[in-house]
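# Topology and contacts: notes
The residues making up each chain are set out below.
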Amino acid sequence: MQKIKRRDFLKGAAGSVALLSVGVQSQSAEASTAAERGSEHVGILYDSTLCVGCNACMSACKEANDMPPDPTGGSITLDNADDLSENTLNVIKMFVDGNGETKDSAVDGYAFIKRQCLHCVDPGCASACPVSALYKDEHTGIVKYNKNACIGCRYCQVACPYLIPKFEWNDWYPQIVKCQLCDHLIEKGGVSACCSACPTGAALFGKVDDLLKESARRLTMEPGVEYAFPVSSIDAGTVQTHKASEYVPHVYGEHELGGTQVMYMSGVPFDKFGLPDVPKHSYAAIANGIQGTLYKSMVLPAIVFSGLAYFINKHKKMEEAEHDTTNSNEDGGKS
Ligand code: SF4
Ligand code: SF4
Ligand code: SF4
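Below or above, wherever it landed, is the structure these notes cover. This one's a predicted model, so the numbers in the text were calculated from it and none came from an experiment.

This part takes up the overall build of the protein. Looking only at helices and strands, the protein has 9 helices and 13 strands in total. Expressed as a percentage of its 335 residues, the buried residues of the protein come to 50%. Put simply, of all contacts in the protein between residues at least 6 apart along the chain, 63% involve residues at least 24 apart. As presented, the protein carries roughly 15,900 Å² of accessible surface, and 54% of it is formed by carbon and sulfur atoms.

Right, let's get into the packing of aromatic side chains. Tallying each qualifying case throughout the model produces 6 aromatic pairs. On the basis of an interplanar angle of 75° and a centroid distance of 5.8 Å, the ring pair of Y46 and Y264 is categorised as edge-to-face. Of the two residues, Y46 sits in strand β1 (residues 42-47) while Y264 sits in strand β12 (residues 262-265), which places them 218 residues apart along the sequence. Between Y252 and F270, the ring centres sit 5.4 Å apart and the planes meet at 45°, which makes this aromatic pair tilted. Note that Y252 is positioned in the loop between β11 (239-243) and β12 and F270 in the loop between β12 and α8 (283-294), a separation of 18 residues in sequence. F270 shares its class with Y252; the two are buried. Ring pairing ties together the aromatic residues Y46, Y162, Y252, Y264 and F270, which thus form one cluster. We note R154 situated over the ring of F167; from NZ or CZ to the ring centre the distance is 5.8 Å.

Next up on the list: the site of ligand 3. In the neighbourhood of ligand 3, 13 residues make up the surrounding shell, with C51, C54, N55, C57 and C198 lying closest. Tallied by class, the residues present in the shell around ligand 3 amount to 10 nonpolar, 3 polar and no charged.

The next point concerns helix α7 (residues 208-219). Between its first and last C-alpha, α7 extends 16 Å over 12 residues, near the 16 Å set by a 1.5 Å rise per residue. Among the residues making up α7, those that are buried are V208, L211, L212, E214, S215 and R218. For α7, the buried positions fall inside an angular range of 160° around the axis, keeping them on one side. Of the surrounding elements, those touching the buried residues of α7 are β1, β9 (203-207), β10 (226-230) and β12.

Oppositely charged side chains are able to pair whenever their charged atoms sit close together. Taken as a whole and judged by the stated rule, the model has 9 salt bridges. Residue E40 is joined to K207 by a salt bridge in which the shortest nitrogen-to-oxygen separation is 3.3 Å. Here E40 is found in the loop between α1 (2-28) and β1, whereas its partner K207 is found in strand β9, with 167 residues between them in sequence. Overall, K207 belongs to the partly exposed group, its relative accessible area being 29%. Residue D137 is joined to K144 by a salt bridge in which the shortest nitrogen-to-oxygen separation is 3.4 Å. Of the two residues, D137 and K144, neither departs from the other in class, the shared state being buried. Connected through shared salt-bridge partners, D47, E214, R217 and R218 make up one network.

With that settled, the discussion passes to the site of ligand 2. Around ligand 2 sit C61, N65, L89, N90, K114, Q116, C179, L181, C182, S192, A193 and C194, and that is every residue in its neighbourhood. Looking at the shell around ligand 2 residue by residue, the class counts come to 7 nonpolar, 4 polar and 1 charged.

What follows is about the nonpolar core. In globular proteins that are soluble, nonpolar side chains generally tend to be buried together. Counting 61 residues, the largest nonpolar core has Y162, L181, Y252 and Y264 as its most contacted members. For this core, the secondary structure elements donating two or more residues are β1, α2 (56-65), β2 (91-96), β4 (109-115), α6 (193-197), β9, α7 and β12. If we ignore the near neighbours within four places in the chain, the residues touching Y264 are Y46, I113, K114, R115, Q116, L118, H250, V251, Y252, F270 and L275. A126, C156, F167 and W169 belong to the second largest nonpolar core, which has 11 residues in total.

Next up on the list: the side chain of T88. Mapped onto the fold, T88 is located in the loop between α2 and β2. The contacts of T88, once residues within four sequence positions are left out, are K62, M67, D70, A81 and D83.

Within β1, 6 of the 6 residues are buried, which leaves the element mostly enclosed by the surrounding structure. Neither face of β1 is left uncovered, since the one carrying V42, I44 and Y46 and the one carrying G43, L45 and D47 both have all their residues buried. Pairing geometry for β1 and β9, over 5 bridges, is antiparallel. Within β9, the residue paired with L45 across the bridge is L204.

Parameters and conventions
Residues numbered from 1 in each chain as written. Chains lettered and ligands numbered in written order. Predicted model: local features only at pLDDT ≥ 70, side-chain atom pairs only at ≥ 80, totals over all residues. Heavy atoms only, no water. Helix = DSSP H or I, 4+ residues; strand = E, 2+ residues; numbered from the N terminus. Buried < 20%, exposed > 50% of the residue type's maximum accessible area, 1.4 Å probe, protein only. Contact = heavy atoms within 4.5 Å. Areas by Shrake-Rupley, 256 points an atom, 1.4 Å probe, with all protein chains shown as cover. Phe/Tyr/Trp six-rings, centres within 6.5 Å; stacked < 30°, edge-to-face > 60°. Lys NZ or Arg CZ within 6 Å of the ring centre and 35° of its normal. Near = heavy atom within 4 Å. Nonpolar A, V, L, I, M, F, W, Y, C, P; charged D, E, K, R; others polar. Expected span 1.5 Å × (residues − 1). Arc of directions from axis to C-beta. Salt bridge = Lys/Arg side-chain N within 4 Å of Asp/Glu carboxyl O. Core = buried A, V, L, I, M, F, W, Y, C linked by side-chain atoms within 4.5 Å. Pairing = 2+ DSSP bridges.

Spelled out as structure tokens, the structure:
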């Protein structure tokens, strides 16, 4: 009973702060421009065709980031989260169609998808945050979170096109929770824990430019032929041999909403995983263009509220689509 009351209070308070912050945001957004990838920016290339659904990345993520177990996938003793949450920064989910027998097939097949923050080049969450609690690290491009600055308005949750930031509803001092690419490991010369733990190279760490070159190489591979694939980090020099799969001829995140630093390759269309079909320009850049033209005529508030309604509606549809994407834990994986 206490938790429900607190949740309702926080919802109301957040709504009030959000409404107030529209004014703050509308003024600060005028000065911002669309960002670009930097040559030192780092990220992850997730290749669904190499993923075996072992969930080693999920365990490594918990350990590296000191996150509690999350048995929402059905077990009361194991950590087997069925989605991202305030306790889970990284989750492996599974798409299944028909008899689910053929890996990486959209018909009568199955495929895995790794959900985490995509570290957008021009992040909507950071643009929407009225106090810059979410911000982009200039050197690495990682979208970081400053818990001391956060006022709990949850604007970032509404602004994220990928439904990533979660909120600690059950905590007396709630924070926003999302992957920060294991920046604490990268600062010491390491790589993201999920990539270190991945036994197949499905999650590969590196500079975004190098990962894009690697993804372009994979798109030229002949299905069924064996090739060397880097494991863990593209700079590590460790490779494994795999037969190439037939890829969807597109790298999700190369251009979406101005690009992301976590990018996806797959054998099944990306909408099967609930990844949204979005424009090339970031929403922040689109909004800035509209705002520059219309702010003085006071049309901005109507656009902001229309935009929020659009996001909320879009998120509802994405959540419905996500219900169709089965978590690998429910089926014990296919490894
Ligand atoms: S995926 Fe969402 S939370 Fe992550 S950087 Fe992009 S907008 Fe922010
Ligand atoms: S980069 Fe780190 S925090 Fe993000 S999903 Fe991987 S292990 Fe988790
Ligand atoms: S560790 Fe690698 S192979 Fe295993 S589930 Fe994670 S991404 Fe897939």
